Amino acid sequence: MRKIGAIILAAGGSSRLGQSKQLLLFRGKALVRNIVDAACEAGCSPVLVVTGNNAEEIHRELAHANVIEIRNTNWQRGIGSSIRGGVRALIDHAPDVEATFLLACDQPAVNARLIERMIATHAATKKDIVASSYASTFGVPALFDRSLFEELLALGDETGAKSIILQNRRRVAQLAFPEGAIDIDTWEDWEKLDELVT
């Protein structure tokens, strides 16, 4: 069995929402804890959480979770800085890791079954990237083989991993995940959530 880690991006400031979306309670559980539990249940190891804004509150939420917390003091520079920090820490903590997921806190439809399906797709296709497909594009959750780590480490501060997916289309296996389009950026998104996620 391949050793597959997970990097959960939880550093953002949730500026459009006006409060930390990572800590919003969905069905009794904070969104950040929801994604952590999904990664752990699916067998990802290690599971790293990159924090920045509201790091102390998120730390308290994860007090009993089996995760490694990485604080990105430069989180305001953009998502690329969090991805780089997460990948560096993953390599330090698990030198033998063979692939990693990139996961976001604001996709409440993500669960362990989806992550397991993506791992199975990676094993079956031998592709270096397994990306979710929704809303006519690719995105996270996405799995990246170790051969892509250098590209992840070279991302600019404001550049997400989608750029790597699109630049390596022949190396990508896609898994349809229409619910991936459901993410929480505004209160309107939040208010619609229960009717969208079954």
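Located above this text is the structure these notes cover.
Quick caveat, the model's predicted, so the values are computed rather than measured. (Residues numbered from 1 in each chain as written. Predicted model: local features only at pLDDT ≥ 70, side-chain atom pairs only at ≥ 80, totals over all residues. Heavy atoms only, no water.)

Chemist: Go over the sheet that holds strand β7 (residues 129-134) with me, naming the residues and quoting the values.
Modeler: Through backbone hydrogen bonds, the strands of a sheet pair up, either in parallel or in antiparallel fashion. As summarised here, the arrangement of the seven strands in space is β5-β4-β1-β6-β8-β7-β9, forming an open sheet in which the pairing is mixed. Since the sheet does not close on itself, it has two edges, and those belong to β5 (68-71) and β9 (172-176), each with one partner. Direction aside, neighbouring strands of the sheet carry axes that sit 25 degrees apart on average. Direction of pairing for β7 relative to strand β8 (residues 137-145): antiparallel, over a ladder of six bridges. (Pairing = 2+ DSSP bridges. Helix = DSSP H or I, 4+ residues; strand = E, 2+ residues; numbered from the N terminus. Axes fitted to C-alpha atoms, helices over the stretch in contact; angles between N-to-C directions.)

Chemist: If you had to explain the nonpolar core to someone new, which residues and values would you point to?
Modeler: Counting residues in hydrophobic clusters, the biggest one holds 35 residues, and the most contacted among them are I8, V32, V49, L62, F101, L103 and I115. Of all the elements in the fold, those that place two or more residues in this core are β1 (4-10), α1 (31-41), β4 (47-51), β6 (99-104), α4 (112-125), β7 and β9. Within the second largest apolar cluster, 25 residues are counted, among which are L9, V87, A142 and L152. (Core = buried A, V, L, I, M, F, W, Y, C linked by side-chain atoms within 4.5 Å. Buried < 20%, exposed > 50% of the residue type's maximum accessible area, 1.4 Å probe, protein only.)

Chemist: Quick rundown of the state of the cysteines? Include the residues and the values.
Modeler: This model, assessed by the stated rule, comprises zero disulfides. C40 forms no disulfide, and the closest cysteine sulfur to it belongs to C44, at a distance of 7.9 Å. (Disulfide = S-S within 2.5 Å.)

Chemist: Summarise α4; cite the residues concerned and give the values.
Modeler: Helix length check: α4 (14 residues) gives 20 Å between terminal C-alpha atoms against 20 Å at 1.5 Å per residue, within 8%. Buried residues belonging to α4 abut β1, α1, β6, β7, β8 and β9. Taking the backbone nitrogen of R113 as reference, a side-chain oxygen 3.1 Å away marks N111 as the first, capping residue of α4. (Expected span 1.5 Å × (residues − 1). Contact = heavy atoms within 4.5 Å. Polar contact = N/O pair within 3.5 Å; in protein donor to acceptor, adjacent residues only side chain to side chain.)

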